[in-house]
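# Summary of the model geometry
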Amino acid sequence: MTTFNLSGNSSLNRELVFKISTDVKNFQHIMPNYFKSLDIVSDDETGIVVLEKINFLGQSVKVKTKHLVTPPNIHKVSILNGPLKGTSFTERYEPASYGTLISISVNLEINGPLKFIPFVGRILRRKMSSVMAEFINCAEKYSAQNGLP
């Protein structure tokens, strides 16, 4: 397992960027280049389980994820199947002088044939960092397009 942290700043206030980032049902509208379809399997006090069809590293992949949302500032995501099964992300949203500081702790677990490729962890880390930056941009655009405060 590889552990690393990512961080970025959004001009949106914490409540709004947290609301957008935990709106699982609308991920495909917020980031359509990555999320192609989402099917909610269950949504209860233990979390939201989602079947996601995503585009990542040029590949279309189906994954099952579990999302735990703890307002006002924590969103945990666990990957339940596929080559990254066991990977988890803990997102934290903290007020900052310029909107919100978003930090993500990643526990990356690589399975199957991918684990034998020595540089795949570095590629995934770099891609996750760029996706985080793109999410912030998309969230800010989504907020403006939908008249969110």
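No experiment lies behind these values; they were computed from the predicted model shown. (Residues numbered from 1 in each chain as written. Predicted model: local features only at pLDDT ≥ 70, side-chain atom pairs only at ≥ 80, totals over all residues. Heavy atoms only, no water.)

Within the structure shown, the criterion is met by two aromatic pairs. A ring pair is formed by Phe18 and Tyr93, whose centres lie 5.4 Å apart and whose planes are at 75°; its orientation type is edge-to-face. With Phe18 in helix α1 (residues 14-21) and Tyr93 in strand β6 (residues 88-96), the pair connects residues that are 75 residues apart, well separated along the chain. Judged by its relative accessible area of 7%, Phe18 is buried. On the basis of an interplanar angle of 45° and a centroid distance of 5.1 Å, the ring pair of Phe27 and Phe35 is categorised as tilted. The exposure class assigned to Phe35 is buried, which follows from its relative accessible area of 18%. (Phe/Tyr/Trp six-rings, centres within 6.5 Å; stacked < 30°, edge-to-face > 60°. Helix = DSSP H or I, 4+ residues; strand = E, 2+ residues; numbered from the N terminus. Buried < 20%, exposed > 50% of the residue type's maximum accessible area, 1.4 Å probe, protein only.)

Moving on, we come to α1. Each turn of an α-helix holds 3.6 residues, which means side chains three or four residues apart point in the same direction. When you tally the buried positions in α1, you get six out of eight residues, the bulk of the element. Among the residues of α1, those classed as buried are Arg14, Leu16, Val17, Phe18, Ile20 and Ser21.

Moving on, we come to the environment of Ile54. By secondary structure assignment, the location of Ile54 is in strand β3 (residues 47-56). Taking the relative accessible area as the measure of exposure, Ile54 reaches 17% and is therefore buried. For the pair Ile54 and Ser37, spaced 17 residues apart in sequence, the C-alpha to C-alpha distance is 7.2 Å. Non-local contacts of Ile54, meaning those with residues more than four positions away in its chain, are made with Tyr34, Phe35, Lys36, Gln59, Ser60, Val61 and Val63. (Contact = heavy atoms within 4.5 Å.)

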